[in-house]
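# Close look at the chain arrangement
Spelled out from the first residue to the last, the chains are:
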Amino acid sequence: MSEPFSVPVTVRGYETDVQGHLNQSVYLNYAEHARWSLLRAAGISQSALIGSGVGPVALETTIRYKRELLAGDEVEVTCAFAWGEGKTFRIEQTVRKSDGTVAAEITAVGGLLDLKARKLVPGPQEYFRKLASEPGVLGL
C-alpha cells in the first residue's frame, strides 16, 4: 500500500444534519475529494483518464463512523491505494480531527472502466502508472 496522501477539509455548517454533526453522505464527498487530489498530485487529470479511454468506478464503499464531526472542525482526509492482482484495487482512507481523533474510516474497492467496452480493464495500476508523472504518490 502507498503512504497515505492527505488533504485538509473544514466542516461547513451546511454539511451538518439536524443533530448538528456531519451528514453521513458528506463523508463520501470528502473521500472523493481526497482521491481526486491524490490523482492530481500524481500528475493524473480527469481529462487524461478519459482521453486514455478509461474512467475510475466505485464498486464498493464501507464507512465506519468513529466520532462525530461538527461545523468548524478541521480534519485531514487521507488516501492510500492498495494494489493487488486482477481488475480491482482498494483505497483506504481515514478522516482525522486536528487533535488526532479518528472520526471515520473509509474502505473502497474500485476499478477502471473501459469507456467503450463498458467492462473493467485488467491491471488498472498499469494505466495509472503510464499516466502518472509521479507514480510513487500512488504507491507504484
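Everything here concerns the structure above.
Scope of this entry: the structure provided in the associated data block. Everything quoted here is computed from the prediction, not taken from an experiment.

### Focus: helix H3 (residues 124-131)
Inspection of H3 places Pro124, Gln125 and Phe128 among the buried residues, and these make up the whole buried set. In an axial view of H3, the angular spread of the buried residues amounts to 100°, which keeps them on one side of the axis.

### Digging into the pairing of strand S5 (residues 102-114)
Note: strand S2 (residues 54-65) against S5, 11 bridges, orientation antiparallel. The residue bridging Arg64 from the neighbouring strand is Glu105, located in S5. Here strand S4 (residues 88-97) folds back onto S5 in antiparallel fashion, the turn holding four residues, of which Gly100 has a positive phi close to 95°. Inspection of the sheet shows S5 paired to strand S6 (residues 119-120) by two bridges, in the antiparallel sense. From the neighbouring strand, Leu113 faces S6, where its bridge partner is Leu120. Counted between consecutive antiparallel strands, the loop separating S5 from S6 contains four residues, among which Arg118 sits at a positive phi close to 60°.

### Some thoughts on the pairing of strand S3 (residues 74-83)
Where burial is concerned, most of S3 is hidden: seven out of the 10 residues are buried. Relative to S3, strand S1 (residues 5-10) is paired through six bridges, and the arrangement is antiparallel. Looking across to S3, one finds that Val9 is bridged to Val75. Pairing of S3 with S4 involves seven bridges; the strand directions are antiparallel. Across the sheet, the residue bridging to Glu76 is Arg96, located in S4. Here S3 folds back onto S4, and the loop between the two strands holds four residues, one of which, Gly86, carries a positive phi near 90°.

### Thoughts on the environment of Glu68
As for its position among the elements, Glu68 is in the loop between S2 and S3. Looking at Glu68, the relative accessible area reads 45%, which means it is partly exposed. Beyond its immediate stretch of four places on either side in the chain, Glu68 contacts His21, Asp73 and Lys97. For Glu68, the side chain forms a polar contact with the side chain of His21, separated by 3.4 Å.

### Section: helix H1 (residues 24-41)
Given a rise of 1.5 Å per residue, 18 residues ought to cover 26 Å, and the 27 Å separating the end C-alpha atoms of H1 matches this to within 8%. Turning to H1, its buried residues are Val26, Tyr27, Tyr30, Ala31, Ala34, Arg35, Trp36, Ser37, Leu38 and Leu39. Of the residues trailing H1, Gly43 is marked for its positive phi of about 90°.

What counts and what doesn't
- Residues numbered from 1 in each chain as written.
- Predicted model: local features only at pLDDT ≥ 70, side-chain atom pairs only at ≥ 80, totals over all residues.
- Heavy atoms only, no water.
- Buried < 20%, exposed > 50% of the residue type's maximum accessible area, 1.4 Å probe, protein only.
- Helix = DSSP H or I, 4+ residues; strand = E, 2+ residues; numbered from the N terminus.
- Arc of directions from axis to C-beta.
- Pairing = 2+ DSSP bridges.
- Contact = heavy atoms within 4.5 Å.
- Polar contact = N/O pair within 3.5 Å; in protein donor to acceptor, adjacent residues only side chain to side chain.
- Expected span 1.5 Å × (residues − 1).

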